[in-house]
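The residues making up each chain are set out below.
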Amino acid sequence: MSSKRVSGVAGFTLIEVMVVVVILALLAGIATRMVIGRVAEARRTRVAVDLKEIAGALRLYKLDNGVYPSTEQGLDALVSPPTVGILPRRWNPEGYLEKVPLDPWGHPYLYLSDGKQYKLASLGADGEEGGEDENADIDSKDL
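Parameters at a glance
Sequence order as written defines the numbering, with residues in each chain counted from 1. At least 70 in pLDDT is required for a residue's local features to be given in this predicted model, at least 80 for side-chain atom pairs to be given and counted, and no such filter applies to totals for whole chains, interfaces and linings, which use all residues. Excluded from the side-chain calculations are hydrogens and water; all other atoms, namely the structure's heavy atoms, are used. Throughout this description, buried means an accessible area under 20% of the type-specific maximum (1.4 Å probe, protein chains only), exposed means over 50%, and partly exposed covers the range between. Helical segments are the DSSP runs of H or I of at least four residues, strand segments are the runs of E of at least two, and each set is numbered from the N terminus. What makes two strands pair is DSSP finding at least two bridges between them. For patch detection, residues must exceed 30% relative accessible area and be free of salt bridges, and they are connected within 9 Å for like charges or within 5 Å for nonpolar side chains (Val, Leu, Ile, Met, Phe, Trp, Tyr). Areas reported as accessible are Shrake-Rupley estimates using a 1.4 Å probe. Residue values count occlusion only from the protein chains shown. Here a salt bridge means any side-chain nitrogen of Lys or Arg lying within 4 Å of a carboxyl oxygen belonging to Asp or Glu. An expected span of 1.5 Å times one less than the residue number is assigned to each helix. By definition in these notes, contact holds between two residues if any of their heavy atoms fall within 4.5 Å. Angles run from 0 to 180 degrees between N-to-C directions of axes, and those axes are lines fitted to C-alpha atoms, restricted for helices to the stretch in contact.

Participant: Teacher, can you tell me more about the pairing of strand β2 (residues 118-122) here?
Facilitator: On a regular strand, one side chain projects to one face of the sheet and the next to the other, so that they alternate. Most of β2 sits out of view: four of its five residues are buried. When strand β1 (residues 110-113) meets β2, the two strands line up antiparallel, connected through four bridges. Paired with Ser113 across the two strands is Tyr118, which belongs to β2. Where β1 folds back onto β2 in an antiparallel hairpin, the turn is made up of four residues, including Gly115, whose phi is positive at roughly 100 degrees.

Have a look at this one:
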């Protein structure tokens, strides 16, 4: 048995492999930033769609019953007839919403009402009033 080296076999040097890894890491970082920006934009869009849908259901509820659901009745009054507060005179047997959606961060939408007017909003990613960027509140009146 003889041990001969095979000459002419091409391979990659450690430097070449490291350059490729660095380039891939840079590309992954750029792609991640682009995707994260799109996710935040998609969440804000979903909030706007949900708030408009809920506001439409609230208008129909008021047309049928003369008042908006109270804070105590909440948005659940759009799904099933309320059993507390001012009971609706002509609640639509099919309801006004199929279900009450949660905002994209899994929090319930803020709903406050005295029956004559209402406040409807998402409190953002942190679920608390105020905040900036992803934590900023999104009010239905601003849409």
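This is not the end of the story, as more comes after the structure.
Participant: Explain unusual backbone geometry to me, please; I cannot follow it from the model alone.
Facilitator: The phi angle of most residues is negative, glycine excepted, and most peptide bonds adopt the trans form. For Asp133, which is not a glycine, the phi torsion comes out positive at approximately 55 degrees. Mapping Asp133 onto the fold places it in the loop between β2 and β3 (138-139). Judged by its relative accessible area of 69%, Asp133 is exposed.

Participant: Would you mind going over a nonpolar patch on the surface with me for this structure?
Facilitator: A surface patch of nonpolar side chains, amounting to about 800 Å² of accessible area, comprises Ile15, Val19, Val20, Ile23, Leu24, Leu27, Ile30 and Met34. You can see Met34 is positioned in helix α1 (residues 14-65).

Participant: Teacher, can you tell me more about α1 here?
Facilitator: In this model, α1 (52 residues) spans 75 Å end to end at C-alpha, consistent with the 76 Å of a helix rising 1.5 Å per residue. Taken together, the buried positions of α1 are Ala40, Val47, Ala48, Asp50, Leu51, Ile54, Ala55, Gly56, Ala57, Leu58, Tyr61 and Asn65. Buried residues in α1 make contact with β1, β2 and β3.

Participant: Before we go on, may I ask you to explain the sheet that holds β2 in this structure?
Facilitator: What the three strands build is an open sheet, ordered β1-β2-β3; its pairing is antiparallel. Across the chains shown, the open sheet's two edge strands, defined by having one partner strand only, are β1 and β3. Of the pairings in the sheet, the one linking β2 to β3 comprises two bridges and is antiparallel in character. What sits directly across from Ser122, in β3, is Ile138. Taken strand by strand, α1 contacts β1, β2 and β3, and its axis lies near 155 degrees from that of β2.

In short, the description is geometric, and any link to function would need to be established separately.
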